[in-house]
Amino acid sequence: MTDPHPSPAPVPSARQGGIAARARAAAGPAYLQGLNPEQQRAVETLDGPVLVLAGAGTGKTRVLTTRLAHILTLGLARPGQILAVTFTNKAAREMKERIGGLIGESVEGMPWLGTFHSICVKILRRHAELVGLKRDFTILDVDDQIRLLKQVIQAADLDEKRWPARQLANFIDGWKNKALTPDKVPSGDAHAFAGKGDELYATYQARLKTLNAVDFGDLLLETIRLFKENADVLADFQSRFRYMLVDEYQDTNVAQYLWLRLLAQRTGEDEKANLCCVGDDDQSIYGWRGAEVDNILRFEADFPGAVVIRLERNYRSTSNILDAASHLIAHNEGRLGKTLHGQGEAGDKVTVTCAWDSEEEARLIGEEIEQLQRKGENLDEMAILVRASFQMREFEDRFVTLGLPYRVIGGPRFYERAEIRDAIAYLRATAQPADDLAFERIINTPRRGIGDVTVRTIHDVARSRGIPMMQAALELTESEDLKARARNAVRNLVTDFARWRGQLDQMPQSELAAIILEESGYTEMWQRERSPDAPGRLENLKELLRSMEEFDSLTGFLEHISLVMDTEAGDQEDKVSLMTLHAAKGLEFGTVFLPGWEEGLFPHQRSMDENGRAGLEEERRLAYVGLTRAKRRAALYFATNRRIHGLWQATAASRFLDELPEANIEVIDTGSLRTSGAYGPRGSGSGGTYGNSRFDEAEPFASTYSTPGWQRAKKNKARAASNPWKEAPMLEGEVLARSTGTASAYARGERVFHQKFGYGEITAVDGNKLTVDFDHSGPKRVLDSFVERH
DNA sequence: CGGAGCGGGATTTTT
DNA sequence: TCCCGCTCCG
């Protein structure tokens, strides 16, 4: 370890040093006990910018919470003067609890500890008028966003099939992640989406404003705008936040980075902001949703004089696991460099097991789990981490057969279920009569005879008069524009809403909600439904009502659910966990099973196709995250055959397996004589960077050459040559896509040819990524290295 | 208003 | 292959 700052480090400021020293001299506060020197330094280096590079399992959360407790205990800031940002509500919740545990009841909640988004909401509610919003603006969820975009696309006379709202939503999210307002969208990008990308984006933003609504991305962007346009407001927050803390810094996107930088910039003052960012560049796995690893890599340049502290002592895993993970991640280029050191024993080696197909893979893992269980190990301490969710099914099937209790982590969340969204739409339309999207969602749910034509009429009247749909509906009932039947239905609904609104302050919100769901016929709708999931949905609705009781107002509840989309389902039973690698970040288990280590699946082909080397490196980080979740045992698996899009395909062992250090792995002979060799050399045969896999040769299982398994493997090898995953120009992509971000040699309007998609015309250029409208398969994003001019 | 029949797509996902 | 969302028809 070559730490340039030996510890204990002198704390830069005399004021702080003095206090900290005194604190230490008095045997130090209890919370500092038991921290290692680096951790202690991370806790006590309070002045100026600090970057804490916290490797997996190095006690990051502990450092974070202790640091906050330290600041509060020393009396350097009051709780309201500390900004602490996390990415998820879960992380924020945990941090709150742990700080409470550290410093006891003396300090009540920290108002500025939360997610980027929740903090932005808090700021925006105070200053809404300054960015053209009303104080009670609504926050749209993804559903609303898509429906609104659909309307925008329809209004622009585009074919919804060819130009799906989802795709536009992705573009817009991408721009917002980069803090690009419609006028700032680069011209290459702007012409994406039927050449109307920026135009549609602008229309969408205008619609949001008239709806007095924002989407998630706007929360950041509008706050940035607020800061930029109102120096006094910004200055107020800058001086308020004496200490700033950001967790998972490697996951920040450009907008979040700009937001932070605005707050951390203290114009006119000599003093540097006390900004502490904590993260791990090796665990950056969210590039695809806008995270910029660059933010963490650039930290020292962004914040001159920054102190960088590395936490490399891992308290979680045995050293075989750590060495395997470290060796693997060392294959990445763009990293700050960090090596985890184990603190205990070597433990078991990481195992690599080959299965014939995904079914056998599931069976082997099932057997292994049962065996561990017989040895007295808890199922809670075991997890299966998959790359893609389709892999889960095989395991679920297997576990059901075995009667093995399991839980799936992730997946559709409580508040994303249709019945919950419907119920919430009723509440929103009651509390906020101008919430058109909510009103529209349930206007004919349950069916009450308000058909498309009627909805369109209400919509048009609302748009042309600039009034909310609820009001337009009311006015239409007094006109002759609707057929008698529809008019009655509309009148009934509007009267219902008016009545419910009148009851808002008369009773607890959960009671009112129950009345609304009853009187609207919504509950009845599900009671009548005979489908198998209907009872579950009714149960969910009850759960929703129950959870509402904890809030003191309907508005408070609505605010909460628009930002917090998860519910802590306290599941106490002993179960195996099944989740994606992404969902596993931050968790740990005694034993971790990692199936599906095959080329094309992991690393995922699409990731490499779309992002070249950067994509591959992110996949490798994902592998690193997976391995480092294991405390005592990590078991890797790959199958030689897997069904992809319905077709059985021969597959090759993942290159990541070859990147593991031999000394720390053990290849398991499953006894079915199907050892290695089943997978031919990878790549398109161009003999590129990646030589043959050591899993290609019978070493170290030379004894299996003449076995049926080997014979079958040979056949398999021949078949593998026709594997479309392998035919993909992976090696080419690897080389040519090395530098993302360089300008492309192609221009909009050019005709190109793509091996897979055929001929097409370039509609947008973003660095080396092209959006090509293919003659036969429609618009796609491809790397420029995969096409040729025509 | 519901069901059949179709075409397209098929990583990862928080707020 | 399988799942979804949408359309069309009765």
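Residues numbered from 1 in each chain as written. Chains lettered and ligands numbered in written order. Predicted model: local features only at pLDDT ≥ 70, side-chain atom pairs only at ≥ 80, totals over all residues. Heavy atoms only, no water.

Visitor: Lay out the state of the cysteines with the relevant residues and their values.
Guide: Two cysteines joined by a covalent bond between their sulfur atoms form a disulfide. A full pass over the atoms with the stated rule returns 0 disulfides. Here cysteine 276 stays free of any disulfide, with the sulfur of cysteine 277 as its closest cysteine sulfur at 6.8 Å. For cysteine 276, a relative accessible area of 1% gives the class buried. (Disulfide = S-S within 2.5 Å. Buried < 20%, exposed > 50% of the residue type's maximum accessible area, 1.4 Å probe, protein only.)

Visitor: Now, about the protein's contact with DNA strand B: what can you tell me, with residues and values included?
Guide: The local shell around DNA strand B holds 24 residues, among which Arg387, Ser389, Arg413, Arg447 and Thr580 are the closest. The sugar-phosphate backbone supplies 57% of the atoms of DNA strand B found within 4 Å of the protein. At 3.2 Å, a side-chain N or O of tryptophan 288 approaches a base oxygen of DNA strand B. Arginine 289 is positioned such that a nitrogen or oxygen atom in its side chain is 3.3 Å from a sugar or linking oxygen of DNA strand B. The biggest single contributor to the surface near DNA strand B is helix 28 (residues 605-627), with 4 residues. (Near = heavy atom within 4 Å. Polar contact = N/O pair within 3.5 Å; in protein donor to acceptor, adjacent residues only side chain to side chain. Helix = DSSP H or I, 4+ residues; strand = E, 2+ residues; numbered from the N terminus.)

Visitor: Tell me about the pattern of salt bridges, and name the residues and values.
Guide: A pair can form between side chains of opposite charge whenever their charged atoms are brought close. Considering all chains together, one arrives at 51 salt bridges under this definition. A salt bridge links glutamate 333 to arginine 613, with the nearest nitrogen and oxygen atoms 3.6 Å apart. Linking glutamate 333 in the loop between helix 15 (319-329) and strand 10 (341-342) with arginine 613 in helix 28, this pair joins segments that are 280 residues apart in sequence. Here arginine 613 falls in the buried class, since its relative accessible area comes to 10%. Residue arginine 487 pairs with glutamate 480 through a salt bridge whose shortest N-O separation is 3.6 Å. Because the salt bridges share partners, they merge into one network encompassing Arg316, Asp348, Glu377, Glu381, Glu588, Lys631, Arg632 and Arg633. (Salt bridge = Lys/Arg side-chain N within 4 Å of Asp/Glu carboxyl O.)

Visitor: Any chance you could break down the sheet that holds strand 2 (residues 82-86) for me, citing the residues and the numbers?
Guide: In space, the 6 strands of this open sheet follow the order 3-2-6-7-1-8, with parallel pairing throughout. In the strand order of this sheet, the two ends are held by strand 3 (113-115) and strand 8 (307-311), each with one partner. Put simply, the sheet's adjacent strands are angled 15° from each other on average, direction ignored. As paired elements, strand 6 (residues 243-246) and strand 7 (residues 275-279) share 3 bridges and run parallel to each other. Across the sheet, residue valine 246 finds its bridge partner in strand 7, namely cysteine 277. (Pairing = 2+ DSSP bridges. Axes fitted to C-alpha atoms, helices over the stretch in contact; angles between N-to-C directions.)

Visitor: Help me get a handle on the protein's contact with DNA strand C, residues and values and all.
Guide: Inspection of the region around DNA strand C gives Lys150, Arg393, His645 and Gly646 as its neighbouring residues. Counting only atoms of DNA strand C within 4 Å of the protein, the sugar-phosphate share comes to 55%. At 3.0 Å, a side-chain N or O of arginine 393 approaches a phosphate oxygen of DNA strand C. Within the contact set of DNA strand C, a base nitrogen lies 3.4 Å away from a backbone nitrogen or oxygen of histidine 645. Class assignment of the residues belonging to the surface near DNA strand C gives a composition of no nonpolar, 2 polar and 2 charged. (Nonpolar A, V, L, I, M, F, W, Y, C, P; charged D, E, K, R; others polar.)

Visitor: Any chance you could break down the environment of glutamine 154 for me, citing the residues and the numbers?
Guide: With respect to the secondary-structure elements, glutamine 154 resides in helix 6 (residues 142-155). Residue glutamine 154 is classed as partly exposed on the basis of its relative accessible area, which comes to 40%.

Visitor: Give me unusual backbone geometry: which residues, what numbers.
Guide: Put simply, threonine 445 and proline 446 share a cis peptide bond, and its omega is -5°. Its place among the elements puts proline 446 in the loop between helix 19 (436-442) and helix 20 (452-465). Omega for the peptide link from phenylalanine 602 to proline 603 comes to 5°, which places this bond in the cis form. One can find proline 603 in the loop between strand 15 (589-594) and helix 28.

Visitor: Help me get a handle on the packing of aromatic side chains, residues and values and all.
Guide: If you walk through the whole model with that rule in mind, you get 27 aromatic pairs. Between tryptophan 112 and phenylalanine 241, the aromatic rings sit 5.4 Å apart at their centres with planes inclined by 75°, giving edge-to-face as the arrangement. Of the two residues, tryptophan 112 sits in the loop between helix 4 (89-103) and strand 3 while phenylalanine 241 sits in the loop between helix 11 (231-240) and strand 6, which places them 129 residues apart along the sequence. Geometrically, the ring pair formed by phenylalanine 414 and tyrosine 415 is edge-to-face, given 5.1 Å between the ring centres and 75° between the ring planes. Just as phenylalanine 414 is buried, tyrosine 415 falls in that class too. (Phe/Tyr/Trp six-rings, centres within 6.5 Å; stacked < 30°, edge-to-face > 60°.)

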